[in-house]
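# A structural walkthrough
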2 protein chains.
Amino acid sequence: MSPTIKDVAKKAGVSIATVSLVIQNHARITTATKTKVQKAIKELNYHPSRSAKGLVTKTTGNIGFILTDDHFLQTEPFYTKIFLGTEFGTRGTNYYVLLATIARDFNSKDELPRFILERSVDGIIIAGKATQDFIERIELLDIPIVFIDYYPNSGNFFTVLIDNINGGIIATKHLVDLGHKEIGFIGGDISHPSIYDRFSGYKQALESGGIKFNKKNCVIDEEDPSRPNGYNAAKKLFAQNKKITAIFACNDAMAIGAMQYCTDNKIKIPNDVSLIGFDDVEADIFLNPPLTTIKVPKFELGTEAIHLIENVIKNKSYHNKKKILVPVELIIRNSTRELK
Amino acid sequence: MSPTIKDVAKKAGVSIATVSLVIQNHARITTATKTKVQKAIKELNYHPSRSAKGLVTKTTGNIGFILTDDHFLQTEPFYTKIFLGTEFGTRGTNYYVLLATIARDFNSKDELPRFILERSVDGIIIAGKATQDFIERIELLDIPIVFIDYYPNSGNFFTVLIDNINGGIIATKHLVDLGHKEIGFIGGDISHPSIYDRFSGYKQALESGGIKFNKKNCVIDEEDPSRPNGYNAAKKLFAQNKKITAIFACNDAMAIGAMQYCTDNKIKIPNDVSLIGFDDVEADIFLNPPLTTIKVPKFELGTEAIHLIENVIKNKSYHNKKKILVPVELIIRNSTRELK
DNA sequence: TAGAGTTAGTTAAACGTTTAACTTAAATCT
DNA sequence: AGATTTAAGTTAAACGTTTAACTAACTCTA
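Structure report, in brief. (Residues numbered from 1 in each chain as written. Chains lettered and ligands numbered in written order. Predicted model: local features only at pLDDT ≥ 70, side-chain atom pairs only at ≥ 80, totals over all residues. Heavy atoms only, no water.)

## Description of the side chain of Thr 90 of chain B
Topologically, Thr 90 of chain B is positioned in the loop between helix H5 (78-89) and strand S2 (96-102). Sequence-distant contacts of Thr 90 of chain B, defined by excluding residues within four places in its chain, comprise Arg 114 of chain A together with Tyr 95, Val 97 and Ile 306 of chain B. (Helix = DSSP H or I, 4+ residues; strand = E, 2+ residues; numbered from the N terminus. Contact = heavy atoms within 4.5 Å.)

In structure tokens form, the structure reads like this:
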């Protein structure tokens, strides 16, 4: 049987309360007894029982991670990386993270994830878009929530966000710096704050570069930013403006689709048109040519979310909701080049 | 505050023991009181406290899922799918699954995953290869273990496996049926039972087809089955035998690498050579041409593992270790064709 | 009809922590 | 020196379940 706090107490010659206080490194304990107890803990290889602790503190030590199921059907393991980041982020803590997927179109008929119904989590992280219906039901529960790469416009939530505006700016600026003037933007799901912000960055950089924004250079009506939609968007874009010499795709999936379109239509990248994506997914370097993109530190988004929710759980009172912005980085590969 | 078993007992007019027995649907309870209690549970929206239960039963309700970290750096989300399958598999159960990654070269200096050290799991699932060092340390712990897509040759473990031999057979038979005679095999990490078995299937099907096995048609010395290694293996293969008309790659990643090699060297697929992979990853359908492959039901591997470990946990005594074989399926796309 | 057996439910202890309230001894103050 | 404060640790109750042992009410059986 595993040793309990009693065994430690006996071995160290103190009461179990003292052991408990040492574990929480409470100020009341002298360093002398502290070391004594710690020694006993080491020697017995003691680990406190989570159940017993949970019973009295009414905590579970778990954090729920929620994702819409469609993300796992995608080729690009974007949110998977983020999830992995959360797992890594818990290493210094006493938390475990529990994953659950919900339907992309979660609605009133759907059940909440089991760990929520059973109150098996102390807080939850929602990555990517979730339906309003879902968010509203979760909010009623009075459980700490942190969003990643999304925030509902219905309130002021804790969120960790990609610096999409700046990403949009540096991506576009890169093209401008290369001498391009007719710079297209292709995007999908423009109502998603991330896509919207990338588009904003695009417009800002254009303006800073003295280039007038032109609606004809934009295709933003695709339903979501997937490869096939990137293909379609590229087709539409060239139909709207034949003189395009550079394209900024709102993410790498669409960029890959656009690249496919170009290949199919004898448009050489980067000779005829430069192409830049956003996200930096693994597939990028296997493309022909390897894709220039904006690197999103996916892993970090996860670790930041853990730190944030930890704080939110600790200070329930801490109500000045706040957003954490994770910086992005330009990765120049071979799909962009100077305009001749 | 959440309702407790006491609230339910009071509402139903029974003792808390009765409520507990109803929850476990113990035979001692009449249907009358059972329904009475269940009604109270529903009305109060009662959910038993996992901590309290865990404290007395010495269980945690968690299952650990262990994966070497390199899998998450790969483009193909193979094990991610399996993990997701386990999550799905727990829906009918009372388990949660906790993910942890370990180093690919885990050795004596490395720490075991936290949930193991803290005894926060009732059983663990190990997906893919793990070092002998890791497995040995885990075994000492006397905790139920189930392997997925791997098994150490040091013993007789519970495992859920892909039917790799049959997969190798049907893949090769497909090529044989198309009239190919000079059929290459490219593989990496041949010491991995999955790769080894696919190779066995290849040889068996060759024999059944009346084709003599030829070492010159095989490249099996790549370190692991990745895209770049697929590229290299294809190069070696053609260097060994120019007359190859079909290739069976041990997985899709290598097939994709091989396809790249062919493209770079003006070898047309499927006109000049037919190519078949193994796994059926998302990327396959975006390839040019889309890849014929053997579909591995990744999701199912996960759900099967959950069912298996559930049983192992339940019947600790059940020691006739057993293997579950998950069937595979031939998916014909455009990378294979009849030999002219 | 008494006694034994069976059935359906109850009682109470136990699980391993945390923490408010308490104790004791030492330090500080007047 | 005696009273008061402070410091460091202890005591004991509480958290919400499970389950062995018990009880009371029936049902048989001879």
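## What to know about the sheet that holds strand S6 (residues 183-188) of chain A
Residue and element names in this part refer to chain A. Strand order in this open sheet of four strands is S7-S6-S8-S9, and the pairing throughout is parallel. Two strands in the sheet have a free side with no partner beyond their single neighbour: strand S7 (218-222) and strand S9 (274-276). Ignoring which end each strand starts from, the neighbouring axes of this sheet average 15° apart. Inspection of the sheet shows strand S8 (residues 246-249) paired to S9 by three bridges, in the parallel sense. (Pairing = 2+ DSSP bridges. Axes fitted to C-alpha atoms, helices over the stretch in contact; angles between N-to-C directions.)

## A short note on the pairing of strand S5 (residues 158-162) of chain B
All names here are of chain B. S5 sits mainly inside the fold: five of its five residues count as buried. Pairing of strand S4 (residues 145-148) with S5, which is carried by three bridges, proceeds in the parallel orientation. Considered in S5, the bridge of Ile 148 is made with Val 160. Where S5 meets strand S11 (residues 323-326), four bridges bridge the pair, whose relative direction is parallel. Of the residues in S11, the one forming a bridge with Leu 161 is Leu 325. (Buried < 20%, exposed > 50% of the residue type's maximum accessible area, 1.4 Å probe, protein only.)

## Here's the deal with the packing of helix H8 (residues 164-177) of chain A against helix H9 (residues 193-208) of chain A
Residues and elements named next belong to chain A. Between H8 and H9, the least distance of the axes is 7 Å, while the angle of their chain directions is 45°. By the angle between their directions, the pair H8 and H9 is classed as oblique. Regarding H8 and H9, the two cross each other, and that crossing is right-handed. Only Ser 194, Asp 197, Arg 198, Gly 201, Tyr 202, Gln 204, Ala 205 and Leu 206 of H9 make contact with H8, whose side of the interface consists of Asn 164, Ile 165, Gly 168, Ile 169, Thr 172 and Lys 173. When its residues are assigned to classes, the contact of H8 with H9 shows five nonpolar, six polar and three charged. (Parallel < 35°, antiparallel > 145°, perpendicular 65-115°, else oblique. Left-handed = near helix turned anticlockwise from the far one by under 90°. Nonpolar A, V, L, I, M, F, W, Y, C, P; charged D, E, K, R; others polar.)

## A look at the relation of the copies chain A and chain B
Both copies of the chain are tied together by a single rotation about an axis and a shift running along it. Once chain A has been moved 0.0 Å along the axis and rotated by 180°, it coincides with chain B to within an RMSD of 0.1 Å. Such a turn and shift between the copies fits a two-fold axis. Among all residues of chain A, the one whose C-alpha sits closest to the rotation axis is Ser 51 of chain A, at a distance of 2.0 Å. Interface overlap between copies is the fraction of interface residues in one copy that are interface residues in the other; for chain A against chain B it reaches 100%, indicating a shared surface. (Least-squares fit on C-alpha atoms with pLDDT ≥ 70 in both.)

## With respect to the pattern of salt bridges
Applying the stated criterion to the full structure yields 28 salt bridges over all chains. Salt bridges sharing partners connect three or more residues here, namely Lys 11, Lys 39 and Glu 43 of chain A. (Salt bridge = Lys/Arg side-chain N within 4 Å of Asp/Glu carboxyl O.)

## Structural notes on the protein's contact with DNA strand C
Not every one of the 25 residues close to DNA strand C is listed here, only the nearest: Ile 5 and Ser 20 of chain A together with Thr 18, Arg 28 and Thr 33 of chain B. Among the atoms of DNA strand C lying within 4 Å of the protein, the sugar-phosphate backbone contributes 64%. Residue Gln 24 of chain A places a side-chain N or O atom 3.2 Å away from a phosphate oxygen belonging to DNA strand C. One of the backbone nitrogen or oxygen atoms of Thr 30 of chain B is found 2.9 Å away from a phosphate oxygen of DNA strand C. Mapped onto the surface near DNA strand C, the elements with two or more residues apiece are helix H2 (16-23) and helix H4 (50-57) of chain A together with helix H2 (16-23) and helix H4 (50-57) of chain B. Top element by residues in the surface near DNA strand C is H4 of chain A. It accounts for four residues. The class makeup of the residues in the surface near DNA strand C is 13 nonpolar, nine polar and three charged. (Near = heavy atom within 4 Å. Polar contact = N/O pair within 3.5 Å; in protein donor to acceptor, adjacent residues only side chain to side chain.)

## Structural notes on the protein's contact with DNA strand D
Around DNA strand D, a shell composed of 26 residues is seen, among which Thr 18, Arg 28 and Thr 33 of chain A together with Ile 5 and Ser 20 of chain B lie nearest. Within 4 Å of the protein, the atoms of DNA strand D are drawn from sugar and phosphate moieties in a proportion of 64%. One of the side-chain nitrogen or oxygen atoms of Gln 24 of chain B is found 3.2 Å away from a phosphate oxygen of DNA strand D. Within the contact set of DNA strand D, a phosphate oxygen lies 3.3 Å away from a backbone nitrogen or oxygen of Ser 49 of chain B. Taken together, the elements giving at least two residues each to the surface near DNA strand D come down to H2 and H4 of chain A together with H2 and H4 of chain B. Broken down by element, the residue count for the surface near DNA strand D peaks at four residues, all from H4 of chain B. In terms of residue class, the surface near DNA strand D is made up of 14 nonpolar, nine polar and three charged.

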